[in-house]
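# Structural features, examined
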Amino acid sequence: GQEMEFPDSVVDLFMGRLGFPHRGLPAELTAAVLKGVLPIQGRPGAEMAPEDFNAERARLAEAHELDPASISDEDVVSSLLYPKVFADYINFRKENSTAVPALPTTAFFYGMAVGETINIEVDREAAEDIRGAPLGDDVQGDTVSV
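Just so you know, these numbers come straight off a predicted model, no measurement behind them.

### Brief notes about the overall build of the protein
In terms of helices and strands, the protein carries 6 helices and 4 strands. Ordered by position from the N terminus, the helices and strands of the protein form the series α-α-α-α-α-α-β-β-β-β. For the protein, buried positions account for 19% of its 146 residues. Across the protein, the fraction of contacts at a sequence separation of at least 24, relative to all contacts at a separation of at least 6, is 27%.

### Examining the side chain of Glu56
With respect to the secondary-structure elements, Glu56 resides in helix α3 (residues 53–64). Judged by relative accessible area, Glu56 falls into the buried class, the value being 9%. Within polar-contact distance, the side chain of Glu56 engages the side chain of Ser79 at 2.8 Å. Discounting chain neighbours no more than four positions away, the residues touching Glu56 are Val76, Ser79 and Leu80.

### Considerations on unusual backbone geometry
In this model, Lys35 sits at a positive phi of 50°, which is unusual for a non-glycine residue. Residue placement: Lys35 occurs in the loop between α2 (27–34) and α3. Of the residues examined, Lys35 reaches a relative accessible area of 32% and is grouped as partly exposed. Not every positive phi belongs to a glycine, and Glu65 is a case in point at roughly 55°. If you trace the backbone, Glu65 turns up in the loop between α3 and α4 (73–81).

### What to know about the environment of Val33
Of note, Val33 is situated in helix α2. Note: C-alpha distance between Val33 and Met15 (18 residues apart in sequence) is 9.0 Å. For Val33, the contacting residues outside a window of four places in its chain are Phe6, Val10, Val11 and Phe14.

Reading the values: the criteria
Residues numbered from 1 in each chain as written. Predicted model: local features only at pLDDT ≥ 70, side-chain atom pairs only at ≥ 80, totals over all residues. Heavy atoms only, no water. Helix = DSSP H or I, 4+ residues; strand = E, 2+ residues; numbered from the N terminus. Buried < 20%, exposed > 50% of the residue type's maximum accessible area, 1.4 Å probe, protein only. Contact = heavy atoms within 4.5 Å. Polar contact = N/O pair within 3.5 Å; in protein donor to acceptor, adjacent residues only side chain to side chain.

Taken by themselves, the reported measurements are silent on function.
Below you can see the structure in the form of structure tokens.
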């Protein structure tokens, strides 16, 4: 395990940046993942410096070419706690759809069942019901025409 490289997400878990499981993590595995670095003690965000949410919102708006009003407090906190994950998420939204945050988790990860209906609210003024339809034969790679 000492020579093995672990993803940042695994290291973050073992460092305690995501909290700690109530029964802890296996000591041998912790030693292999952290390679001698001690995990944090206490609450993960306790050591963070105070942040100016408005300044971070403005930075995000400029960095990602977004309207500052479209950036929620949840977005600001996410960007401060997990900057790379948040940047990847924003880029995914730009490439795929601004409706991504409105999708229920199961529809996002697993798709919809034929006949299933979900309601998504893309913004405060517009909500839409979407119904899963059977897929036709027009499948090209990862893209399906519906």
